[in-house]
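# Observations on the model geometry
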Amino acid sequence: MLILGRRAGESLVIGDHISVTILSVEPGGSVTLGIDAPKDLLILRKELQQAVSTNQEAASANASTQMITALENAFLHPTAGKKPEKGG
């Protein structure tokens, strides 16, 4: 991890296309940042990115569980869900 000290009004550059400017530093320690980056670059607060990742993992696990249950039911009860044949 790179650690830098910056003051309000100072910036840092990441690569060729991203600039982060310290807009203000409040007495309580809150820092306001300005980020200049390409519009197609997704920028998220870390806690939001973690929440999205957690939700995706939970959805994936739930879908896997549902798929396993459906497959087990199909193998254990192969006629379940089939329509009865006519005339027979």
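Here we summarise the structure given alongside this text. (Residues numbered from 1 in each chain as written. Predicted model: local features only at pLDDT ≥ 70, side-chain atom pairs only at ≥ 80, totals over all residues. Heavy atoms only, no water.)

## A word on the pattern of salt bridges
Side-chain pairs of opposite charge can arise whenever the charged atoms involved come near each other. Applying the stated rule across the entire model yields two salt bridges. For E10, the salt bridge goes to R6, with nearest N and O atoms at 3.6 Å. Accessibility expressed as a relative area gives 38% for R6, which makes it partly exposed. Among the ionic pairs, E47 bridges to R45, the shortest N-O distance being 2.8 Å. According to the relative accessible area criterion, E47 is partly exposed, its value standing at 47%. The class of R45 is exposed, set by a relative accessible area of 55%. (Salt bridge = Lys/Arg side-chain N within 4 Å of Asp/Glu carboxyl O. Buried < 20%, exposed > 50% of the residue type's maximum accessible area, 1.4 Å probe, protein only.)

## Details of the sheet that holds strand β1 (residues 11-14)
What the three strands build is an open sheet, ordered β1-β2-β3; its pairing is antiparallel. The open sheet is flanked by β1 and β3 (31-36), the only strands paired with a single partner. Mean inter-strand twist for the sheet, computed between neighbouring axes without regard to direction, equals 25 degrees. As paired elements, β1 and strand β2 (residues 18-25) share four bridges and run antiparallel to each other. Paired with V13 across the strands is S19, a residue of β2. (Pairing = 2+ DSSP bridges. Helix = DSSP H or I, 4+ residues; strand = E, 2+ residues; numbered from the N terminus. Axes fitted to C-alpha atoms, helices over the stretch in contact; angles between N-to-C directions.)

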